[in-house]
Amino acid sequence: MHNIDMDVVEMTLDVMKYAINRITQTSPELGHPKKEEELRRLVGETITPDGIGGEKAFQLFRDVLVKATVPIDHPRHLAFVPASPTRAAVMFDLVTSASSIHGAYWMEGAGGIYCENEAMKWLVSLTGLPEGAFGVFTSGGTAANLSAMVTAREAWRSACGEHNRDRGLIITSIGAHSSIKAMAKVIDADVYLVDSEDRLTQEGLRYTIDHLSDEQRNRLFAVVATGGTTNAGIIDDLDGIAGICKKEQLWFHVDAAYGGGALAADSVRHLFRGIESADSITIDPHKWLFSPYDCGAVIYKKPELARKAHAQEGSYLDIFKDEGAQGFNPADYQIQLTRRVRGLPLWFSLAMHGTKMYKEAVERGIELAKIAANLIEENPDLELVREPGLSCVLYRRKGWTPDDYTNWTYKNHKAGLALVTPTKWKNGDTYETVSRFCFINPDTTEEDIKMILDTMK
C-alpha cells in the first residue's frame, strides 16, 4: 500500500481536482447531518479485509459523507465561532501534510518551525508583550489554555516550595469559555466563577478576592480574563485585572481564542489595553485569523517558565537537546509532544498576502456586526439584546419562545439558507433565549444578513 502505481496517480488527480473545486467555491452547499443509521445505509461497510478501493472510498466521501457536514466557511454560517481560512492557507495545508514534517523538535523540523516562528513573531507583536515573550502553536484554545494553566500552576508551586501540593484555585467569570472549566478538571484545580456574563471588572475581581475564605485565598494562583467572550464578544477589564494580579502575585491569563484576532484591527485595539501585562495569552488563528483547523496558539511573557513545566525527559529524547540540534523546540512549551507544524498555513498566507490584508479582513467582521445591528434596530419585530461586541451580535425576536428560535434554526438549515443558532443570555437571575450572529467571513454580505432576518417575520 506504499507503492507508487497508477492507482495512486489517478487518486492524486482526483483529490487535487476536488480540492481545487472546493477552494474556488465562495458559497459551498450548506450540508446537513444525518443519523448514523442513515449514513451506514447510504455508505455501507468501508473498512473491510480487502478494502473497497480508493476510487470507491473517495466517491462515497465526495457524494455522500461530505454532504453530511456543515462547511464552516459558508458566508451564511454565522453560528458558534465559524471560520474562513484563506485559500492560500488551505492550499498550504495540503503542502504541510504532504511534506510530512514532525514539528516537535528543531532537529527534525527546523525549516517548518522557522516558518511557524515567523508567524508567531507577528502574533506576539499584536499583543504588545515585552521583549522575550514568545509562544507556540497548539491544536486549539483548549490545549492552549491547558498549557498556560499547567505553566501557571507549576510556577505557583515552585514559588511556594515543592511541599505545596494544594489543589489550586482559578478565578474567572461565567462568561469565560467552557474550556476553562474543562481544563481545570484536567489539572485537578477548582474554578471560582464570578457571577456575571458581562464584563469582568477590576472592582468585581477585587470584591471576589476579598470575599474568599483564607483557605481559598491560599489556593488561588491564577485569574483567567477573556479577550472577547464566545457568546457576546465582551472584553474584560484587562488593564484593571492586570493591576490586581500584579499586586496579589497571581498569574494573569487572557483567553483571547476568539477575540484575539481583533488585535489586528486598529478600530478596536484600544479595547484590549492591559493585555500586554498578561503572563500568558491564548489566540486561535483558526478562528479570526483565517487559518484552517486546527491552529491555536499560546503565548508566554516568560517562555522559560513554560519550558520548565512542559519539557519532557527520556533517553530517546536526549539527542534533541544535543548541541548539534539546538534550536526552538515547540514540544517544550505546551502539552503535546507529537505535533504537526500547524502554523505553516498561517505563515504562508501571511507571507503571500501581507498583514495589511489581514487587518482589512478582520475589520470587515466588525463592520458586518454594525451593519447587522443597524438592520435589527430598523426592524420593528426585532431588538438588540446589547450593543455588538467585536463581531458578535445578540438580538431577540419579540414574542418568541425558546422553541420558536430552535424551530427557526432548523427550518433555515434544512432549506440550505443559513446556520444561525440560538444562545442564552443571563438577564438578572434568569437566562433568556436569544439569537446570535458571529461574523468572521469577509464574503458575508449585507444581503445575506437581510435574507436571514427576513425569515424571522
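See the structure shown above.
Thresholds, definitions, all that
Residues numbered from 1 in each chain as written. Predicted model: local features only at pLDDT ≥ 70, side-chain atom pairs only at ≥ 80, totals over all residues. Heavy atoms only, no water. Helix = DSSP H or I, 4+ residues; strand = E, 2+ residues; numbered from the N terminus. Rg over C-alpha atoms; globule rule 2.2 N^0.38 Å. Buried < 20%, exposed > 50% of the residue type's maximum accessible area, 1.4 Å probe, protein only. Contact = heavy atoms within 4.5 Å. Areas by Shrake-Rupley, 256 points an atom, 1.4 Å probe, with all protein chains shown as cover. Lys, Arg positive; Asp, Glu negative; His and termini not counted. Charge placed at Lys NZ, Arg CZ, Asp CG, Glu CD. Polar contact = N/O pair within 3.5 Å; in protein donor to acceptor, adjacent residues only side chain to side chain. Patch = residues over 30% accessible without salt bridge, like charges linked within 9 Å, V, L, I, M, F, W, Y side chains within 5 Å. Salt bridge = Lys/Arg side-chain N within 4 Å of Asp/Glu carboxyl O. Pairing = 2+ DSSP bridges. Axes fitted to C-alpha atoms, helices over the stretch in contact; angles between N-to-C directions. Core = buried A, V, L, I, M, F, W, Y, C linked by side-chain atoms within 4.5 Å. Arc of directions from axis to C-beta. Parallel < 35°, antiparallel > 145°, perpendicular 65-115°, else oblique. Left-handed = near helix turned anticlockwise from the far one by under 90°. Nonpolar A, V, L, I, M, F, W, Y, C, P; charged D, E, K, R; others polar.

J.: Even after reading the chapter, I still don't get the overall build of the protein, so can you show me in this structure?
T.: Looking only at helices and strands, one finds 16 helices and 11 strands in the protein. Its C-alpha atoms give the protein a radius of gyration of 23 Å, within 12% of the compact-globule value 23 Å for 457 residues. Its C-alpha atoms put the protein at 65 × 65 × 45 Å along the principal axes. Counting every position in the protein, which comprises 457 residues, the buried fraction comes to 51%. Taking the contacts inside the protein whose residues are at least 6 apart along the sequence as the reference set, 72% of them involve residues at least 24 apart. Accessible surface, the protein as shown: approximately 21700 Å² in total, 52% of it carbon and sulfur. Counting 50 positive and 63 negative side-chain charges, the protein places the averaged centre of each group 2 Å from the other.

J.: Whenever I open this one, the environment of Arg 22 confuses me. Can you help?
T.: Secondary-structure assignment places Arg 22 in helix α1 (residues 6–23). Arg 22 sits 402 residues away from Lys 424 along the chain, and the two C-alpha atoms are 34 Å apart. Beyond its immediate chain neighbours, meaning those up to four positions away, Arg 22 contacts Pro 28, Pro 71 and Asp 73. At 2.7 Å, the side chain of Arg 22 and the side chain of Asp 73 are in polar contact.

J.: Any chance you could explain a negative patch on the surface here in plain terms?
T.: A cluster of acidic residues, Asp 5, Asp 7, Glu 10, Asp 14 and Glu 55, forms a negative patch at the surface. Sorting elements by how many residues they give to the negative patch places α1 first, with 3 residues. Following the sequence through the fold, Asp 14 ends up in helix α1.

J.: When you look at the sheet that holds strand β1 (residues 134–138) in this model, what are you seeing that I'm missing?
T.: Strand pairing in a sheet takes place through backbone hydrogen bonds and is either antiparallel or parallel in direction. Spatially, the 7 strands line up as an open sheet ordered β1-β7-β6-β5-β4-β2-β3, and their pairing is mixed. Edge positions in the sheet fall to β1 and β3 (190–194), since each of these pairs with one other strand and no more. In this sheet, adjacent strand axes meet at a mean angle of 20° when their direction is disregarded. Both strand β5 (residues 251–255) and strand β6 (residues 280–283) contribute to a ladder of 3 bridges, which runs parallel. From the neighbouring strand, Val 254 faces β6, where its bridge partner is Ile 281. Along the sheet, helix α5 (residues 106–127) contacts β1, β6 and β7 (296–300); its crossing angle with β1, the most-contacted strand, is approximately 120°.

J.: Looking at this model, I keep getting lost on the nonpolar core. Mind explaining?
T.: A general feature of soluble globular proteins is that nonpolar side chains tend to end up buried together. Leu 123 and Met 149 are the most contacted members of the largest nonpolar core, which totals 87 residues. Among the elements that line this core, the one with the most residues is α5, at 8 residues.

J.: Honestly, helix α16 (residues 446–454) in this entry has me stumped. Any pointers?
T.: Taken together, the buried positions of α16 are occupied by Asp 448, Ile 449, Ile 452 and Leu 453. Taken around the axis of α16, the buried residues stretch over an arc of 130°, which confines them to a single face. On the buried face of α16, the contacting elements are α14 (355–378), β8 (382–384), β9 (392–397), α15 (402–414) and β11 (430–438).

J.: Teacher, can you tell me more about the sheet that holds β9 here?
T.: The 4 strands lie next to each other as β8-β9-β11-β10, forming an open sheet whose pairing is antiparallel. Strands at the two margins of the open sheet, each flanked by one partner only, are β8 and β10 (422–427). Each strand of the sheet is rotated relative to its neighbour by a mean of 50°, with strand direction disregarded. Sheet analysis places β10 next to β11, joined by 6 bridges and oriented antiparallel. Paired with Lys 424 across the two strands is Thr 433, which belongs to β11.

J.: Explanation requested: the side chain of Asn 441 in the structure shown.
T.: Summarising the element assignment, Asn 441 is placed in the loop between β11 and α16. Among the residues examined, Asn 441 registers a relative accessible area of 6% and is labelled buried. At a separation of 2.7 Å, a polar atom in the side chain of Asn 441 contacts the main-chain carbonyl oxygen of Asp 73. At 2.8 Å, the side chain of Asn 441 forms a polar contact with the backbone nitrogen of Asp 443. Excluding residues that lie within four positions of it along the chain, Asn 441 makes contacts with Asp 73, His 74, Pro 75, Ser 84 and Leu 368.

J.: Explain the packing of α1 against helix α3 (residues 54–65) here, please?
T.: Helix packing geometry: the angle between the two helix axes and the distance between the axes. In contact at an axis separation of 10 Å, α1 and α3 are set at 15° when each is read in the N-to-C sense. With respect to each other, α1 and α3 are oriented roughly parallel. When you trace α1 past α3, the crossing you get is right-handed. Between α1, through Met 11, Asp 14, Val 15 and Tyr 18, and α3, the contact on the second element is made entirely by Gly 54, Glu 55, Phe 58, Phe 61 and Arg 62. Among the residues forming the contact of α1 with α3, the class breakdown is 5 nonpolar, 1 polar and 3 charged.

No statement about biological role is implied by the geometric values presented.
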